[in-house]
Amino acid sequence: QVQLVESGGGLVQPGGSLRLSCAYSGSIFSYNIMGWYRQAPGKQRELVARAPRIGRANYADFVKGRFTISREIAKNAVYLQMNSLNPEDTAVYYCNSFPPADYWGQGTQVTVSS
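All values derive from a computational prediction rather than experimental measurement.

**Q** Describe the sheet that holds strand E8 (residues 77-82), listing the residues and the values that go with them.
**A** Picture the strands of a sheet paired through backbone hydrogen bonds; they go either parallel or antiparallel. With respect to topology, four strands assemble into an open sheet ordered E1-E3-E8-E7, the strand pairing being antiparallel. Looking at strand neighbours, the two that pair on one side only are strand E1 (3-7) and strand E7 (67-72), the edges of this open sheet. When the angles between neighbouring strand axes are averaged without regard to direction, this sheet yields 15°. Bridge count for E1 against strand E3 (residues 18-25) is five bridges, and the pairing is antiparallel. Note on E3: the bridge partner recorded for glutamate 6 is cysteine 22.

Shown next as structure tokens:
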């Protein structure tokens with residue numbers, strides 16, 4: 001059984017912040033790298049950030065210095081703190097393992113607009 005439930009998205013002004021949460025179930029996610037992905041309309045899904053169980057996280061160049069990924073493994077949760085948001089960050093955000101499993105949750109919509 002695999003579940004991925006994202007939350008925390010919404011409408012925010014440019015320069016604002018949001019904190020996304022992901023609750024997951026399935027043993028595969030507890031022993032693998034977890035990541036946040038996003039997909040804007042008309043574009044391919046892209047990796048935003050990834051974090052191993054223990055160790056250094058990795059970020060896409062377009063979010064470095066602005067986003068922070070973190071995990072609470074005991075709670076089966078992964079988070080994405082997003083600061084200094086730009087309109088270009090508007091997308092549906094998903095969590096999944098890295099590499100991703102075939103199953104995807106519904107994601108959470110992030111809209112950055114004035």
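**Q** Help me get a handle on unusual backbone geometry, residues and values and all.
**A** Cis geometry marks the peptide bond from phenylalanine 98 to proline 99, where omega comes out at -5°. Position of proline 99 among the secondary structure elements: in the loop between strand E9 (91-98) and strand E10 (108-112). In this structure, asparagine 76 takes a positive phi of about 50° despite not being glycine. Following the sequence through the fold, asparagine 76 ends up in the loop between E7 and E8. You can call asparagine 76 partly exposed: its relative accessible area is 29%. In this structure, serine 84 takes a positive phi of about 50° despite not being glycine. Counting through the fold element by element, serine 84 comes out in the loop between E8 and E9. On the basis of relative accessible area, serine 84 is assigned to the partly exposed category, the value being 40%.

Reading the values: the criteria
Once a new chain begins, its residue numbering starts again from 1 and follows that chain's sequence as written. Whole-chain, interface and lining totals are the exception, using all residues; otherwise, since this is a predicted model, local features are given only for residues with pLDDT of at least 70 and side-chain atom pairs are given and counted only at 80 or more. Side-chain figures throughout are based on the complete set of non-hydrogen atoms in the structure, without hydrogens or water. The criterion for strand pairing is that DSSP finds at least two bridges linking the strands in question. Only DSSP runs of H or I covering at least 4 residues are called helices, and only runs of E covering at least 2 are called strands; the numbering of each starts at the N terminus. All axes are obtained by fitting lines to C-alpha atoms, using only the stretch in contact for helices, and the reported angles, taken between N-to-C directions, cover 0 to 180 degrees. Burial classification: accessible surface area is computed with a 1.4 Å probe over protein chains only, and a residue below 20% of its type maximum counts as buried, one above 50% as exposed, and the rest as partly exposed.

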